[in-house]
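# Structural overview
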Amino acid sequence: MSHSQENALEPKKLIIFLDCGDTIIDEGTEIRDEHDIVIQADIIPGADIMVKTLAERGYTLAIVADGYAQSFKNILTQNGLYDYFETMVYSETVKAFKPSPRMFKAAIGALDLSEQDCSRIIMVGNNLSRDIKGANQMGITSVFLSWTPRYPKQHADDSEKPDYIINKPTELIELVEKLNQQLA
């Protein structure tokens, strides 16, 4: 095994929380059944590459998303991404919506981390008032994916101001590597 391969398999310090809608899945392509469960949806260009690359490089990935568990199971399985996530936290099971700290605490707990670990977690999402605000109030590094036309791109106040902005999913790979190195 070459040194670079060995390096890729070492557990990484940085932990990645990802939203799903308009972060991995294109909300504009969602098809829902009569119970509002998403039964089919397409991936944002490059989001599959982002998820697979980060997982293959040894990063711990978690979904932290508002919605129904079955919706995410359907669309992530369909797009071949379900098994790349260490844990998945949904508003349906937590009974809270982002920016509630309960969503983030549930993911931290599921990964056997503590709130002391917040400084090495990033939250990537498309919604300033939910993903970014929620991460910021927990002391989690916030990364705004500004890909979608469906949500505001301007933060309403400082609580919604992202630490980093990326324009497409694949830009996350380089950012993650840089942030992980800073932790080393």
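Quick look at the structure, then.

## So, the sheet that holds strand β8 (residues 164–166)
Read across the open sheet, the six strands follow the order β5-β4-β1-β6-β7-β8; overall the sheet is parallel. Only two strands of the sheet have a single neighbouring strand rather than two, namely β5 (87–90) and β8. Looking at each pair of strands side by side, their axes are set apart by 20° on average, direction ignored. The pairing of strand β1 (residues 15–18) with strand β6 (residues 121–125) spans four bridges and is parallel. Bridge pairing links isoleucine 16 to isoleucine 122 in β6. Along the sheet, helix α6 (residues 128–138) contacts β6 and β7 (141–145); its crossing angle with β7, the most-contacted strand, is approximately 160°.

## Some thoughts on unusual backbone geometry
With omega at 10°, the peptide bond leading from lysine 98 into proline 99 counts as cis. Residue position: proline 99 is located in the loop between α4 (91–94) and α5 (101–110). Positive phi outside glycine occurs at aspartate 22, with the angle close to 60°. The residue aspartate 22 is located in the loop between β1 and β2 (31–32) in this model.

## Considerations on helix α7 (residues 171–183)
In this model, α7 (13 residues) spans 19 Å end to end at C-alpha, consistent with the 18 Å of a helix rising 1.5 Å per residue. The set of residues buried in α7 consists of Leu172, Ile173, Leu175, Val176, Leu179 and Asn180. One side of α7 carries all its buried residues, which in axial view fall inside an arc of 165°. Residues Glu174, Gln181 and Gln182 are exposed on α7 and point more than 90 degrees away from its buried face. Considering only its buried residues, α7 is in contact with β1, α2 (47–56), β6, β7 and β8.

## Here's the deal with the pattern of salt bridges
Inspection of every chain in the model, using the stated rule, returns 10 salt bridges. For aspartate 131, the salt bridge identified is with lysine 98, shortest N-O distance 2.5 Å. Of this pair, aspartate 131 sits in helix α6 while lysine 98 sits in the loop between α4 and α5, and the two are 33 residues apart along the sequence. With relative accessibility at 1%, the residue aspartate 131 sits in the buried group. A residue is classified by how much of its surface remains accessible, and lysine 98, at 3% relative accessible area, is buried. Notably, a salt bridge pairs lysine 105 with glutamate 115, separated by 3.9 Å at the nearest N-O pair. Separated by 10 residues along the polypeptide, lysine 105 in helix α5 and glutamate 115 in the loop between α5 and β6 bring together distant segments of the chain.

## A short note on the pairing of β5
The two faces of a sheet get side chains in turn, since along a regular strand they alternate between them. Neither face of β5 is exposed, since Thr87 and Val89 on one face and Met88 and Tyr90 on the opposite face are all buried. When strand β4 (residues 60–65) meets β5, the two strands line up parallel, connected through four bridges. Among the inter-strand pairings, isoleucine 63 is bridged to a residue of β5, identified as methionine 88. Following the chain from β4 across helix α3 (residues 69–78) to the adjacent parallel β5, one finds a crossover that is right-handed.

## Some points on the pairing of β4
Of all six residues that make up β4, six are buried, and the element is covered over most of its length. Covered by surrounding structure in β4 are Thr60, Ala62 and Val64 together with Leu61, Ile63 and Ala65, the residues of both alternating faces.

## So, α3
Because an α-helix packs 3.6 residues into every turn, residues spaced three or four apart end up facing the same way. By the burial criterion, the buried members of α3 are Ser71, Phe72, Asn74, Ile75 and Leu76. Those residues of α3 that are buried are in contact with β3 (38–40), β4 and β5.

## Notes on the packing of α5 against α6
Working note: a packed helix pair is described by the angle between its axes plus the distance between those axes. Between α5 and α6, whose axes approach to 9 Å, the crossing angle comes to 70°. Considered as vectors, α5 and α6 are oriented roughly perpendicular to each other. Viewed along their axes, α5 and α6 form a crossing whose handedness is right-handed. Across from Pro101, Phe104, Lys105 and Ile108 in α5, the residues of α6 making contact are Arg130, Asp131, Gly134, Ala135, Gln137 and Met138. Here the residues of the contact of α5 with α6 sort into five nonpolar, two polar and three charged.

What counts, and where the lines are drawn
Residue numbers restart at each chain and count upward from 1, following the sequence in its written direction. Selection of residues for local features in this predicted model requires a pLDDT of at least 70, selection of side-chain atom pairs for listing and counting requires 80 or more, and totals for whole chains, interfaces and linings are taken over all residues. Water and hydrogen atoms were dropped before computing side-chain values, which therefore reflect all heavy atoms in the structure. Here, any two strands with at least 2 DSSP bridges between them count as paired. Helix and strand assignments come from DSSP, with helices taken as H or I runs of at least 4 residues and strands as E runs of at least 2, each series counted from the N terminus. Axis lines are fitted through C-alpha atoms, for helices just across the contact stretch, and the angle between N-to-C directions can take any value from 0 to 180 degrees. It only takes one pair of heavy atoms within 4.5 Å for two residues to be counted as in contact. Any helix carries an expected span of 1.5 Å times its number of residues minus one. Remark: exposure states derive from per-residue accessible area (1.4 Å probe, protein chains only) relative to the maximum for the residue type, with buried under 20%, exposed over 50%, and partly exposed in between. Here the arc refers to the directions that run from the helix axis out to each C-beta atom. Salt bridge criterion: a side-chain nitrogen from Lys or Arg within 4 Å of a carboxyl oxygen from Asp or Glu. Throughout, right-handed denotes a crossover for which the path from the first strand over the helix to the second runs clockwise when the strands point away from the viewer. We call two directions roughly parallel when the angle between them is under 35 degrees, roughly antiparallel when it is over 145, roughly perpendicular when it lies between 65 and 115, and oblique otherwise. The hand of a helix crossing depends on one turn: near helix anticlockwise from the far one by less than a right angle means left-handed, and clockwise means right-handed. We call Asp, Glu, Lys and Arg charged. Ala, Val, Leu, Ile, Met, Phe, Trp, Tyr, Cys and Pro are nonpolar, and the rest, Gly among them, are polar.

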